Amino acid sequence: MSKKITVGPVGYMPQSAPSMGVELSPEGKALLYGNIVDEKEAMRDAAKALLTMDNPTIFPGPQVLWDWRDDVADKSAAILELASEIPNCKIIPMPDYRPKYPKIDVKAEINPNHPNLTILDNKIKACVFIGVHCHYANLTLRMIRAGTSCYTVAMCAMMGHEEAMASLRDVHADNILAFRDVVIEVRNELGIEHTPTMPPENPSLPKEDWGSLTPADYGEYRSLIMSRKGEHVAEVE
Amino acid sequence: MSLKYMIPASKFKRYLPKDYVELVDYGPFGKDYSEVGVKNMGTFKELVEEHPMCSGCWMAYYIKIIFAALPNPENTVTIGTAGCGRLAISQAAVPFVYGNYGDQNAMASGMTRAFRLRFPDIQKDVITIAGDGGMMDIGFSMTMHAWFRREKFTTIMLDNETYGNTGGQESGMSMEGAVLKMSPKGKNFGKLPAMQLAITAGCVYVVKMSPTNINKSAKAIRRAIFAARKLGPTFIHVYTSCNIEYSIPTPDVFKDAKEMEKGRFAFEEFMTPEAKELFAIVESKKKREVS
Amino acid sequence: MSLNKKLVDMDYLLNEAPREKHFITGAQAMSEAVKRASVDMAIAYPITPQSEVMHLVGDIYAQGHIKEYYRAEEELGTMSAIAGAARAGVRLFTATSGPGLLRGLEAIVSWPGHRVPCVLGVLTRVINAPLSIQPDNIEMAYLMHSGIIMLHAENQQDTFDMTLAAFAITEKVDVYIPVSVSTEGFFVTHAKGYVEMMSEELAFTENDPYHAPVPAMDNEVPPARIQRDAPVQKSNFMSYLIHSVWQQEIWDSNRRAMKYIYQYLGGPIEVQNPGSDVMLVASGCAAAQAREANRYAQEEGLSVGFVKVRSIRPWPKDEIRAALKGSKAIIVPEHNIIGWLCKEVQASIPNSGDVIEGPRVYGGMTLPVELIMTEIYDALGMKSETLQA
């Protein structure tokens with residue numbers, strides 16, 4: 001099988017997978033490296049990547065993070081079960097789609113406008129996207145393929161994603177659990193010993209303590225806040 | 001129910017960034033206005049926090065008031081256009097549509113009608129927030145016609161009397177004689193009579209003000225939203241100085257707003273008899289109106 | 001719907017439901033399609049020759065086939081209101097013509113990037129200066145680089161079928177960009193033709209705004225802190241790559257629509273006698289004339305074939321290339337001066353020198369079959385008479 005879509009980095013201006021002739025898989029099938037294959041085959045390859053590559057991470061998106069539909073409870077439980085079966089798996093959410101201001105906390109979240117920051121900082125080499133709206137999933141998967149060496153798995157509730165190395169479509173709670181079973185199967189084949197462990201919770205940074213700031217914290221901008229010799233600053237904000 | 005879309009799935013609460021969890025736990029969604037609202041700003045998690053507006057920006061201050069004053073933030077959509085304001089508005093935890101240039105009131109027309117089709121029993125508040133250029137110059141026709149058509153949403157014009165975001169050019173709302181970019185010899189006509197235009201075009205509630213008092217500002221915003229739900233278009237014309245382009249020293253921004261309040265932005269409030277009746281009912285209720 | 005229609009999927013509606021023959025204008029055909037599409041909202045603004053369509057759509061609104069309808073202030077207001085309503089998750093229709101299309105263009109070209117699903121009727125007309133209201137499809141050239149899907153109807157039947165199909169295509173989760181259905185003003189909109197239509201008791205399944213690649217902005221779907229229309233400048237850590245991949249995504253979505261054009265409309269092109277010495281390639285109303293020229297040529301025993309292009313975007317490059325393989329001359333009759341279809345054909349085949357640039361008529365001129373025949377004779381080295389205007 002020739003790989004149409006490969007682990008990046010593919011370079012400065014990525015070519016989109018659809019423009020390279022990759023088409024979405026029909027119902028009941030999956031995509032693996034841009035080729036239409038049986039679901040099991042794609043799951044096995046994805047499982048192997050998540051079990052053997054560094055810092056495997058699951059990126060849940062808004063559609064599974066919030067309790068807006070009846071199926072979210074089952075789906076979120078299934079995602080955690082999947083995570084618990086992957087050694088050292090982390091969960092880093094994509095809570096929304098706006099560019100982060102003033103800056104992203106790369107340990108706490110991922111953002112579709114600059115996903116590479118989270119991937120690179122955490123040295124993530126294999127990841128799963130689930131519950132991200134398709135438009136933003138496509139953008140982020142392509143940017144990851146452009147600028148990082150991360151293996152991407154898309155678990156999509158709709159039609160799947162050409163940009164991912166492995167794309168599963170029509171994914172609901174049952175399918176997530178089926179993937180978990182494949183992970184266990186491949187893990188046993190690889191002889192990796194593991195007891196199910198829940199991923200660590202979100203390491204959101206504590207609020208910054210502005211009271212303890214010193215001029216040194218401003219780095220190259222410190223001259224802007226320090227008065228010059230002989231200068232008298234009467235009022236400050 | 002609307003609130004469900006902002007309540008984290010129980011399994012995932014511990015995996016969300018703090019910011020998002022706090023928004024539900026300590027934010028204004030689904031809470032009584034007496035607990036949150038402008039009077040209690042600083043004691044709850046506000047909808048706009050960090051934003052990239054200039055230091056001393058009076059517009060940023062007023063935008064924070066808008067979001068703290070919302071009667072029903074979990075069922076509100078804001079629409080804006082190019083300009084400084086959207087830099088802060090787009091940081092709010094309320095859906096924000098950024099369309100094309102000056103098209104906010106046309107978009108809001110389509111959106112308001114669509115909401116009424118899809119949710120006949122749920123009140124969804126649509127608010128357009130744009131600058132003087134977006135509202136009264138490039139978007140003039142769409143602003144006016146939305147009012148003539150009696151579209152039921154609120155229009156807020158953040159008037160800094162210049163195009164602040166593009167570098168300080170003359171706008172239709174600049175003062176006569178103002179020397180700005182693109183009026184190097186001074187503007188040769190006066191401010192457009194926005195308030196009178198709004199009244200003539202059929203707005204049921206119109207306010208012109210300089211926001212120096214948060215309670216008074218919030219009251220006008222809430223009245224405008226309540227009246228838009230039931231009666232028709234409402235308009236708030238508010239002075240939000242550009243301290244950069246008009247060289248107002250940051251410590252003097254408030255003083256400038258105070259002076260404006262005595263001058264061309266003296267408080268004026270127009271309401272139709274129906275609006276007056278409505279406010280009497282709404283404001284007599286102690287509780288926050290839940291749609 | 002208040003009229004108790006039977007809601008069915010588009011496959012059944014277009015390809016299986018029994019049909020009856022009617023004799024109606026192109027404008028009627030478009031509004032009859034809208035009638036069967038469970039449209040939530042239509043927004044109108046007058047311009048000849050489009051007005052007829054939106055009058056009729058207004059009538060079917062009054063009859064209860066559409067839930068909301070109004071006349072907007074002008075085209076930019078119309079197209080912007082469409083964008084606003086789309087974010088609230090309703091099914092939308094509007095139409096315009098020539099100068100009106102250009103006035104609304106700022107909003108229209110932003111629809112694909114904003115993931116606005118809707119159907120836009122384009123009833124073509126010259127672009128003013130000097131003023132004229134006559135048919136000419138040069139305005140379509142302005143849409144070709146916008147990312148919008150473009151179908152081009154040959155006649156009243158096409159107008160009906162394509163408009164209906166457009167409602168299904170625009171809402172596909174892997175497409176979700178607007179679909180335009182163009183046809184020539186007057187020649188099609190004001191002329192009657194036979195149209196086979198299914199019962200108006202049938203209508204297309206209603207819109208599901210949550211089966212979408214972007215969240216509806218209706219306070220019902222996460223994320224709460226949403227930025228569907230993210231301004232992607234001025235962020236401290238952002239690469240402009242986001243805008244690049246966003247643009248790619250729009251054109252990918254355009255490309256993905258091709259399979260649905262096969263599914264609902266039988267493919268992006270219709271071919272007769274592929275690989276003949278002379279091939280006629282045409283779209284819209286010009287295809288009707290080229291079809292007729294092809295019939296003449298067959299009667300005369302000439303080696304001539306015919307390609308009708310139904311889909312201008314996505315552009316069926318491979319299909320056209322295959323149909324034209326082996327032919328010696330390619331004639332592209334068109335209703336505009338710049339020859340946008342001709343340029344697309346030239347760019348799609350290895351030997352663009354084989355493409356004869358024309359015949360073209362514009363400014364409201366009709367396209368006589370004889371004009372095409374003259375080109376055929378010339379291409380085959382036969383003598384012909386000059387046609388007088």
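Owing to the predicted nature of the structure, the values given are computational and were not obtained by experimental measurement.

Criteria and cut-off values
- Residues numbered from 1 in each chain as written.
- Chains lettered and ligands numbered in written order.
- Predicted model: local features only at pLDDT ≥ 70, side-chain atom pairs only at ≥ 80, totals over all residues.
- Helix = DSSP H or I, 4+ residues; strand = E, 2+ residues; numbered from the N terminus.
- Buried ≥ 20, exposed ≤ 12 C-beta atoms within 10 Å, placed from the backbone.
- Contact = placed C-beta atoms within 7 Å.
- Rg over C-alpha atoms; globule rule 2.2 N^0.38 Å.
- Pairing = 2+ DSSP bridges.
- pLDDT = per-residue confidence, 0-100.
- Core = buried A, V, L, I, M, F, W, Y, C linked by C-beta atoms within 7 Å.
- Domains from an automatic or database assignment.
- Nonpolar A, V, L, I, M, F, W, Y, C, P; charged D, E, K, R; others polar.
- Expected span 1.5 Å × (residues − 1).
- Axes fitted to C-alpha atoms, helices over the stretch in contact; angles between N-to-C directions.
- Left-handed = near helix turned anticlockwise from the far one by under 90°.
- Right-handed = clockwise from strand over helix to strand, strands pointing away.

### A short note on the overall build of chain A
When its secondary structure is counted, chain A shows 7 helices and 7 strands. Each helix (α) and strand (β) of chain A, taken in turn from the N terminus, gives the series β-β-α-β-α-α-β-α-β-α-β-β-α-α. Each of the 237 residues in chain A was classed as buried or not, and the buried ones make up 51%. In chain A, once contacts between residues fewer than 6 apart in sequence are set aside, the share between residues at least 24 apart is 67%.

### Structural notes on the overall build of chain B
Within chain B one finds 10 helices and 7 strands. The C-alpha radius of gyration of chain B comes to 19 Å, within 12% of the 19 Å expected for a compact globule of 291 residues. With the C-alpha coordinates of chain B rotated into their principal frame, the extents come out at 65 × 40 × 35 Å. The buried share among the 291 residues of chain B stands at 56%. Contacts spanning at least 24 positions in sequence make up 68% of the contacts within chain B whose residues lie at least 6 apart.

### What to know about the sheet that holds strand β3 (residues 57-60) of chain A
Residues and elements named next belong to chain A. Reading across the sheet, the 7 strands line up as β2-β1-β7-β6-β5-β3-β4 and stay open at both edges, with mixed pairing between neighbours. Taken across any chain shown, the strands that pair with only one partner, and hence form the sheet edges, are β2 (35-38) and β4 (90-91). Bridging between strand β6 (residues 151-155) and strand β7 (residues 166-168) involves 3 bridges; their strand directions are parallel. Within the sheet, the bridge partner assigned to V153 lies in β7 and is A166.

### Some words on the confidence of the model for chain B
For any part of a model where pLDDT is low, the fine detail of the predicted coordinates should not be relied upon. Looking at chain B, the pLDDT average stands at 93 and 97% of residues meet or exceed 70. Prediction confidence for the complex, expressed as pTM and ipTM, is 0.94 and 0.95 respectively.

### A short note on the nonpolar core
Ranked by size, the top nonpolar core spans 276 residues in total, and within it C:A42 and C:L280 carry the most contacts. A per-element tally of this core places helix α2 (residues 58-69) of chain B first, with 10 residues. Residues from two domains meet in this core; each of domain 1 (6-204) and domain 2 (269-379) of chain C gives at least three. Once residues within four sequence positions are removed from consideration, C:L280 is found in contact with C:A290, C:A293, C:N294, C:V304, C:F306, C:V307, C:I331, C:P333 and C:I372.

### Quick notes on the interface of chain B and chain A
Contact residues are listed per partner, giving 21 residues for chain B and 25 residues for chain A. Within the side of chain B that touches chain A, the residues separate by chemical class into 12 nonpolar, 4 polar and 5 charged.

### Concerning helix α3 (residues 51-62) of chain C
All names here are of chain C. Over its 12 residues, α3 runs 16 Å from end to end, which matches the ideal 16 Å to within 8%, given 1.5 Å per residue. Restricting attention to buried positions, one finds in α3 the residues E52, V53, M54, V57 and Y61. Check the buried side of α3 and you find it contacts α2 (26-35), β3 (41-44), β4 (68-71), β5 (92-96) and β6 (119-124). Just past α3, the residue G64 takes up positive phi, approximately 100°.

### Some remarks on the interface of chain B and chain C
Contacts between chain B and chain C engage 32 residues on the former and 35 residues on the latter. Per-element tally for the side of chain B that touches chain C: the top contributor is helix α4 (residues 104-118) of chain B, with 11 residues.

### Details of the sheet that holds strand β7 (residues 268-271) of chain B
Residue and element names in this part refer to chain B. Spatial strand order, β2-β1-β3-β4-β6-β5-β7: 7 strands in an open sheet with mixed pairing. Lying at the two open borders of the sheet, with one neighbouring strand each, are β2 (96-98) and β7. Here the average twist between neighbouring strands, direction ignored, is 15°. Across 3 bridges, the pairing between strand β1 (residues 76-80) and β2 is parallel. The residue bridging T78 from the neighbouring strand is F96, located in β2.

### Some details on the packing of helix α4 (residues 75-87) of chain C against helix α5 (residues 98-108) of chain C
Residues and elements named next belong to chain C. Closest axis-to-axis distance for the α4/α5 pair is 7 Å, and the angle between their directions is 35°. Note on packing geometry: the crossing formed by α4 with α5 is right-handed. Contacts between α4 and α5 involve E75, L76, T78, M79, S80 and A83 from the former and G100, R103, G104, E106, A107 and I108 from the latter. Tallied by class, the residues present in the contact of α4 with α5 amount to 5 nonpolar, 4 polar and 3 charged.

### Side note on helix α1 (residues 39-52) of chain A
Residues and elements named next belong to chain A. In this model, α1 (14 residues) spans 20 Å end to end at C-alpha, consistent with the 20 Å of a helix rising 1.5 Å per residue. Here α1 lies mainly inside the structure; 10 of its 14 residues are buried. The set of residues buried in α1 consists of E39, A42, M43, R44, D45, A46, A47, A49, L50 and L51. Against β1 (29-32), β2, β5 (126-130), β6, β7 and α6 (173-190) lie the buried residues of α1.

### Section: the environment of C:A166
Along the chain, C:A166 turns up in helix α7 (residues 156-170). Discounting chain neighbours no more than four positions away, the residues touching C:A166 are C:V119, C:L151, C:V179 and C:V181.

### What to know about the packing of α4(B) against helix α6 (residues 140-148) of chain B
Each pair of packed helices can be described by the angle between their axes along with the distance between the axes. All names here are of chain B. Running from N to C, α4 and α6 point in directions that differ by 35°, and their axes come no closer than 7 Å. Residue-level inspection shows N105, A106, A108 and S109 of α4 in contact with α6, the latter providing M142, T143 and A146. Partitioning the contact of α4 with α6 into residue classes produces 4 nonpolar, 3 polar and no charged.

### A word on the pairing of strand β12 (residues 278-283) of chain C
Looking along a regular strand, one sees side chains alternate from face to face of the sheet. Residue and element names in this part refer to chain C. The buried fraction of β12 is high, at 6 of 6 residues. Burial of the side chains of β12 extends over both faces: V278, L280 and A282 are buried on one face and M279, V281 and S283 on the other. Note: β12 against strand β13 (residues 304-309), 6 bridges, orientation parallel. Paired with S283 across the bridge in β13 is V309. For the handedness criterion, the β-α-β arrangement of β12, helix α10 (residues 285-299) and β13 is classed as right-handed. Sheet topology note: the β12/strand β15 (residues 329-331) ladder contains 3 bridges and is parallel. In the sheet register, M279 faces β15, and the bridge partner there is I330.

### Focus on unusual backbone geometry
The step from C:A129 to C:P130 runs through a cis peptide bond, and the omega angle for that step is -5°. Following the sequence through the fold, C:P130 ends up in the loop between β6 and α6 (139-143). C:R313 connects to C:P314 through a cis peptide bond whose omega is -5°. Counting through the fold element by element, C:P314 comes out in the loop between β14 (311-313) and α11 (317-324). The phi torsion at A:N88 lies on the positive side, around 60°, for a residue other than glycine. Structurally, the position occupied by A:N88 is in the loop between α3 (72-84) and β4. The exposure class of A:N88 is partly exposed, given the 13 C-beta atoms found within 10 Å. Non-glycine residue C:R115 carries a positive phi angle of around 55°. Considering the arrangement of structural elements, one finds C:R115 in the loop between α5 and β6.

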